[in-house]
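Structural overview
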Amino acid sequence: MADQPVPQSALREFCPLYYLLNAIPAKVQKGFRSVLVYLTALDANSDYIAVGSSIGMLYLYCRRVSQMNKYNIEGKSEAITAVKLLSCFDDLVAVGTASGQVALFQLVSQLPGRNKQLRRFDVVGFHKSPVTALAWSANGMKLFSGDDKGKVVYSAVDLDQGVCNPVLLFEEPSAIVQLEYSQKVLLISSHQRSLLFYTQEQALQQLGTRPRKSNGKYGACFQPGLCKQSDLLVYAARPGLRLWRTDIRGLVEDTLVLKPLFNQEVPQFELFPRLGPTGGYRPQERQLGMVSCFLREGWVLSWNEYSVYVLDCLNQVIIGALESSGDIVSVSCTENEIFILKGDRDIVRISNTPEGLASNRKSILYFISERPWVGERLSHQRGGSVGGTNESRSRSSSITSWDSAQGMTLSTTTEQSELSSSRYSAINQEDFQQELVVKAIKVKKKAKRRRQGDLFGMTQIFYADLREPVQLNSWTFACSFSRVTCHLTGLSFCCVAQLAESWMGYTGPGCGILSLVVTDRYIWCLDFKGGLYCSALPDGGLSWQKFEENVQQVALSPSGSLLWKVEQKTMTAYACGKVTIKGKRHWYKALEDCAFVALSEDTAWIISTSGDLYLQTGLNVDRPCARAVKVDCPCPMAQVAARAGVVWALSEHRAVFYREGLSSYCSEGEMWKYDKISESQGLEPICIALGENNTAWALDTSGSLWFRTGVSAKKPQGEDDHWWQVSITDYVVFDQGSLFQTLIQATQNVATATKAPVERVAECLRVAFLSQQSQCQPSLVSSNATGVWIASGRNDFHVAKGSLSGTFWQGVVPRGTVSATKWAFVYSSAVLSKEGSFLWLGQSKKDLFCVWDQDGQMHPNTVQLPQDIEMVQLSACRDALWGLDQHGRVHIRTLSASCPTGMHWNLLDLSQLGQVRLISISCGSQNVWACDGYGMVYFRVGTQHLNPSMMLPAWICIEPPEQIVLISRTTG
């Protein structure tokens, strides 16, 4: 007998949430380690989608404006285990972590009279284990939290006064599974039981009288929409596929035995097709789990780590299920949407309408049909039918998935369901087609918003005088001594330029990425097999289409109106105007023996296989190629970049050149100039690119990204006297060394096999690698108005659309010393100002010098240390210098504007700490942190030494995370 097809549910997934998943990095860089980012918690409502991660970062996506925000939990990397949203007068989100910390955020709102500043409240000292459940009151004034040790904490939140007062409510003998609050009643579900807590009477009442047959994650929920406490009804999950319905006194009114419904085929949610295996383990015995009311009266959503079910409790039918689809981490539902977070880093949205319609609150009522797979009705019979859906689906962002909605067909019978809520109305196919009129409109983007969110809407970057910011067109620059580090020899100052700090990762379409080109509307990828792919710029996900085959190199003009390709084997360049993604394309033969092509809007710069350079001018969509003219160059070139009257070139030996004299009257220019800035910094680029807002970009042989600003036709070398290097911070999503991991591994393998020195093998492989690249020059960096795009050399690439930090280090030799002087330590004041900052440095633990960074001669002043004392650590703030000696004692030197190096040292009274021995101290602007030898952390308000006869500030002991021993603490 043939297998019967698995029945489909009326609820389904319309489109994957590409826009959400692509905005969350797959991994981050923690120092030199690349750390995978796991998604650990989820909650959603009509305005936001909140996703917790394993690195302590909360990703909050605003559905109204399609914007992703990030909130870090105290900079820690502990996993977020619970998250709960609330939309009332203010938008609130609560977060629980694996260490028991609870933080709640009052979000910024653009509406008049709403909160205009992000505020945060912390609940600490109560939970010592992972937080498992969170619940808000409807007005946002109460927050309840539970952990896996059974503690339930109530936090009274006063947003007007800006205070949060937590108190321990009670403790259960087992872990808390689920919390819900309504009408001054808190509904608690633990591993052993479900109970009601009446907050006014401070009384507990267990649901039912019979104990559970087995412990487990069984939840309970209130039926929504009831206004009086006496009318509250509770649905509680029980072992053995049973569901209790109880009143507010905990008395069981009905027991629903659902096991007979699962004896037949269970209708499954229809999921959008995905690449790769999607199956997962499903236990032999099905069970309910946590529960929530969903969509209509009597409908209950239940889930556990293996499955998700939607049940109609009044008619006792299964509406839909998700089984054998991988581990389920978290589930949340809105009015008509179910969001499922899976362990394979996927978020599934199940609903009866596409997300575009759901956001407009136009829900369409589906009716459950009389089908044999629904199972035998145990109570009422009802009618209705569900039509099919159009098989065509869009892989674009589900926000704009209107085609799926237009393709749906509905058919209803005259007999409607008795369960239809007044919030929904049934419409037939004719009404449906008249109701939904979708028109394409053009929206003008406001310039103000582009300044705020665009990559090139610059924040301040100061020059070396550090006094007034200098405005250059749309850029503002600043230079600050935000970080000073100690080198074995000499000193370096760090200047910081801000472009941004937000990267998103995408997967390439083919076998690796040899070239990446971004135009105003499209992104193009050339893989190592010669396949050329194209996709529209992603509002959500990418939709790749194969454009050509057997391509050696590709070039496009910034607007995308001109397209050239170099064919494999023949190395012949062909030009195409009027570029269309679909349909026939006409290629014009442009030039033979081409190795590399670069296009501006009206010119083509071509490098031949012999190393000669040619130029074609006067190009447009009707004339995509022209007669080539040879241009003299000082050496063989490997790559050229051209844009807006600026031409840069990269030689085969990684030297950078720029062309002077270009204008609208002279497209060829006058002469090549060698870029001495690149040579002075020792930069060895493998590819260069010219971008928006007069910016030049370079990717070097170590995988680092650099940029220069002010690059224009009048000043092609740019206005900076150095390259800015993009900083590697805690949340950079690309692996800095991924470009050359293969080369490094090959070096080690060859050196081991031949027993040759590693340095010699590395140099041989490097020469071979670079000579090979001259025949196949990679283009791994590209830029347009939306951001800068970088390919890793593998089959993935990343884009920065937020702000990017660039740094520049400059060597400094204090007066009276030589560049070979070795410094044992360098410390800087944590607070910077217009008056500058002070550096504290020494050649050993027995001497100390002070240097003012605004002193042009960098003259060091000697600071006397206490007699017979060796300082093992120093920490400076604006008005004090703290020192820790070899005996664990603390010495304070008071600083002032009249005496910036201080007058004398004062010994700090540490009698409060008893036998504690401090091993690390760190000063902030108004507080001090310290660590002892056992890893305990201490906090003190105030940085000044006070008279011992006065009441001294108290040291507050803070317990560190479990199984972690802290050895130092840094504050700013």
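Residues numbered from 1 in each chain as written. Predicted model: local features only at pLDDT ≥ 70, side-chain atom pairs only at ≥ 80, totals over all residues. Heavy atoms only, no water.

In the annotation of an unreviewed UniProt entry, the protein is listed under the name HPS5-like beta-propeller domain-containing protein and assigned to Esox lucius.

1. Looking at the side chain of N784
The cut-off we apply is this: Note on conventions: DSSP H or I runs of at least 4 residues are helices, E runs of at least 2 residues are strands, and numbering of each starts at the N terminus. When a residue's accessible area, from a 1.4 Å probe over protein chains only, is under 20% of the maximum for its type it is buried; when over 50% it is exposed; and in between it is partly exposed. Polar contact criterion, stated in full: a pair of N or O atoms within 3.5 Å, where within protein one must be able to donate a hydrogen and the other to accept it, and residues adjacent in sequence count only if both atoms are side-chain atoms.
Along the chain, the position of N784 falls in strand β57 (residues 781-784). For N784, a relative accessible area of 1% corresponds to the buried category. Of the polar contacts made by the side chain of N784, one reaches the side chain of T786; its length is 2.7 Å. At 3.3 Å, the side chain of N784 and the side chain of W789 are in polar contact.

2. Comments concerning the pairing of strand β4 (residues 39-44)
Filter applied, for reference: Here, any two strands with at least 2 DSSP bridges between them count as paired.
Counting buried residues along β4, five of its six residues qualify, which places the element largely inside the surrounding structure. In terms of strand pairing, β4 meets strand β5 (residues 48-53) through five bridges, oriented antiparallel. Bridge pairing links L42 to V51 in β5. Here β4 folds back onto β5 in antiparallel fashion, the turn holding three residues.

3. Focus on unusual backbone geometry
You will see that K184, though not glycine, has its phi angle at about 65 degrees, which is positive. Tracing the sequence through the fold places K184 in the loop between β16 (176-182) and β17 (185-190). The exposure class assigned to K184 is partly exposed, which follows from its relative accessible area of 42%. The backbone of Q202 shows a phi angle near 55 degrees, a positive value even though the residue is not glycine.

4. Side note on empty space enclosed by the protein
Note the following rule: Points on a 1 Å grid, built from protein atoms alone, make a cavity when a 1.4 Å probe fits but cannot get out and make a pocket when they are open with protein on both sides within 12 Å along at least 5 of 7 lines; residues with an atom within 4 Å of a point are the lining residues. Grid points are joined across faces, edges and corners, and a volume is the space filled by probe spheres set on the points. In this classification, Asp, Glu, Lys and Arg are treated as charged, Ala, Val, Leu, Ile, Met, Phe, Trp, Tyr, Cys and Pro as nonpolar, and every other residue, Gly included, as polar.
Taken as a whole and assessed by the stated rule, the structure comprises five cavities of 30 Å³ or more. Put simply, the largest cavity is a space of about 340 Å³. In terms of lining, the largest cavity is formed by 26 residues, of which the most central are V517, L556, L599, A689 and S782. Contributing elements (two or more residues each) for the lining of the largest cavity: β37 (515-518), β41 (551-556), β45 (594-599), β49 (637-643), β53 (685-691) and β57. The residue makeup of the lining of the largest cavity, split by class, is 18 nonpolar, seven polar and one charged.

5. Here we look at the pattern of salt bridges
When their charged atoms lie close together, side chains carrying opposite charge are able to pair. This is how the line gets drawn: The term salt bridge refers to a side-chain nitrogen of Lys or Arg lying within 4 Å of a carboxyl oxygen of Asp or Glu.
Under the criterion given, the structure shown has 21 salt bridges. Across the pair D612 and K630 runs a salt bridge, and its minimum N-O distance is 3.8 Å. One end of the pair, D612, is in the loop between β46 (604-608) and β47 (613-616); the other, K630, is in strand β48 (residues 629-631), and 18 residues separate them in sequence. Note on D612: relative accessible area 25%, which makes it partly exposed. Of the charged contacts in the structure, one is a salt bridge between E692 and R643, with a shortest N-O distance of 2.8 Å. Here E692 is found in the loop between β53 and β54 (695-700), whereas its partner R643 is found in strand β49, with 49 residues between them in sequence. A relative accessible area of 14% means that R643 is categorised as buried. Bridged by salt links that share partners, the residues R63, E337, R349 and E355 form one connected network.

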